[in-house]
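# Analysis of the macromolecular model
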Amino acid sequence: QCRPSCEDTNGTAHKNLSGLIEHFTAKFERSRSTEAIDLEQRAGQLADRYQLPVPTSIRWVSNQQYRWGSCTPSDGSIRLSDRLAEFPGWVIDY
């Protein structure tokens, strides 16, 4: 049976735990930021303004580490990285 030691002489366990705490705290804060933004309303307004089709689905996602967003034209869905929630509205609209 292999169990991680709580007594780590070089502080690696503490650094790893601190890193995990920071990661999940940031993820929680991003999820709170996204709640304040109504993506469906924004997408509808932009579709009207620029005479574009209204997306069938638009949502925040937290699994995009290297992209700001993605779409699937065949089904009309849009996914935006939750990292965008902290940017000004015009960035999200772009």
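### As for the environment of A85
Within the secondary structure, A85 is located in the loop between β3 (77-81) and α3 (89-93). Among the residues examined, A85 registers a relative accessible area of 11% and is labelled buried. In sequence terms A85 and A36 are 49 residues apart; their C-alpha atoms lie 8.8 Å from each other. With near-sequence residues (within four places) excluded, A85 lies in contact with S33, T34, I37, W60 and I92.

### Let's talk about the nonpolar core
Among the nonpolar cores identified, the biggest contains 9 residues, and these are I37, L39, A43, I58, W60, L80, L84, A85 and I92. Counting residues per element, the ones that place at least two in this core are α2 (39-50) and β1 (57-61). What L84 contacts, discounting residues up to four positions off in sequence, is W60, W68, V91 and I92.

### Observations concerning the sheet that holds β3
Strand order in this open sheet of 3 strands is β1-β3-β2, and the pairing throughout is mixed. The two strands at the open ends of the sheet, each matched to only one other strand, are β1 and β2 (69-72). Direction aside, the axes of adjacent strands within the sheet are offset by 15° on average. Sheet topology note: the β2/β3 ladder contains 4 bridges and is antiparallel. For S70, the partnering residue across the bridge sits in β3 and is R79. Packing against the sheet, α2 makes contact with β1 and β3, and its axis sits at approximately 135° to β1.

Each value, and the rule that gives it
- Residues numbered from 1 in each chain as written.
- Predicted model: local features only at pLDDT ≥ 70, side-chain atom pairs only at ≥ 80, totals over all residues.
- Heavy atoms only, no water.
- Helix = DSSP H or I, 4+ residues; strand = E, 2+ residues; numbered from the N terminus.
- Buried < 20%, exposed > 50% of the residue type's maximum accessible area, 1.4 Å probe, protein only.
- Contact = heavy atoms within 4.5 Å.
- Core = buried A, V, L, I, M, F, W, Y, C linked by side-chain atoms within 4.5 Å.
- Pairing = 2+ DSSP bridges.
- Axes fitted to C-alpha atoms, helices over the stretch in contact; angles between N-to-C directions.

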